[in-house]
Amino acid sequence: KSCCGDATSRADGSTMLSAMLDGSTDGEQALLLRKMAKRDTVTKLKALGELREALSAHGASWAAELMPHWVPHFVRLSGDGSWQVRESACAALGQLASLLGRQLAPHLRPLMAAWLCAKHDPHGGTAAAA
């Protein structure tokens, strides 16, 4: 488990679902976010891999649209029981940060606690990815 365990603020499932359905995300973003909300570790890992591929394909503008919806998912994924999910979520956040640069600033406050917990994760690969 991560160092923060249950102390990490968890995103409410209904909040994430309403964020996906409010029309501000495109279909691909909504599908990826829905997959990341699943309980199965394999599904989360596949979704995070697909997210990284989509970020490479679509670029910064697509990433900027995704960011407000990604934050609660990252907070939840960074406290996941699987180190692979935590590591992949941190790698995706790193890719988002490199694409967005200063556009990431409005989202730093809600990300900071989860990111700091990930930086001090007991699994070395996760801490390095954060």
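Residues numbered from 1 in each chain as written. Predicted model: local features only at pLDDT ≥ 70, side-chain atom pairs only at ≥ 80, totals over all residues. Heavy atoms only, no water.

### Re the pattern of salt bridges
Part 1 of the argument: Scanning the entire structure with this criterion turns up 3 salt bridges.
Part 2 of the argument: We note a salt bridge from Asp 80 to Lys 44, for which the minimum N-O separation is 2.4 Å. Of this pair, Asp 80 sits in the loop between helix H4 (60-77) and helix H5 (83-100) while Lys 44 sits in helix H3 (residues 41-58), and the two are 36 residues apart along the sequence. The pair Asp 80 / Lys 44 is uniform in exposure class, with both members buried.
Part 3 of the argument: The closest approach of N and O atoms between Arg 86 and Asp 121, which form a salt bridge, is 2.7 Å. Placement of Arg 86 in helix H5 and of Asp 121 in the loop between helix H6 (108-119) and helix H7 (124-129) is noted, with a sequence separation of 35 residues between them.
Part 4 of the argument: What makes Arg 86 buried here is its relative accessible area of 3%. (Salt bridge = Lys/Arg side-chain N within 4 Å of Asp/Glu carboxyl O. Helix = DSSP H or I, 4+ residues; strand = E, 2+ residues; numbered from the N terminus. Buried < 20%, exposed > 50% of the residue type's maximum accessible area, 1.4 Å probe, protein only.)

### Here we look at the confidence of the model for the protein
Caution is warranted with low-pLDDT regions, since their predicted coordinates should not be read in detail.
Part 1 of the argument: Within the protein, residue pLDDT values average 84, and 81% of them lie at 70 or more.
Part 2 of the argument: With pLDDT under 50 throughout, residues 5-21 is counted as low confidence; its partners more than four residues away or in other chains account for 21 contacts. (pLDDT = per-residue confidence, 0-100. Contact = heavy atoms within 4.5 Å.)

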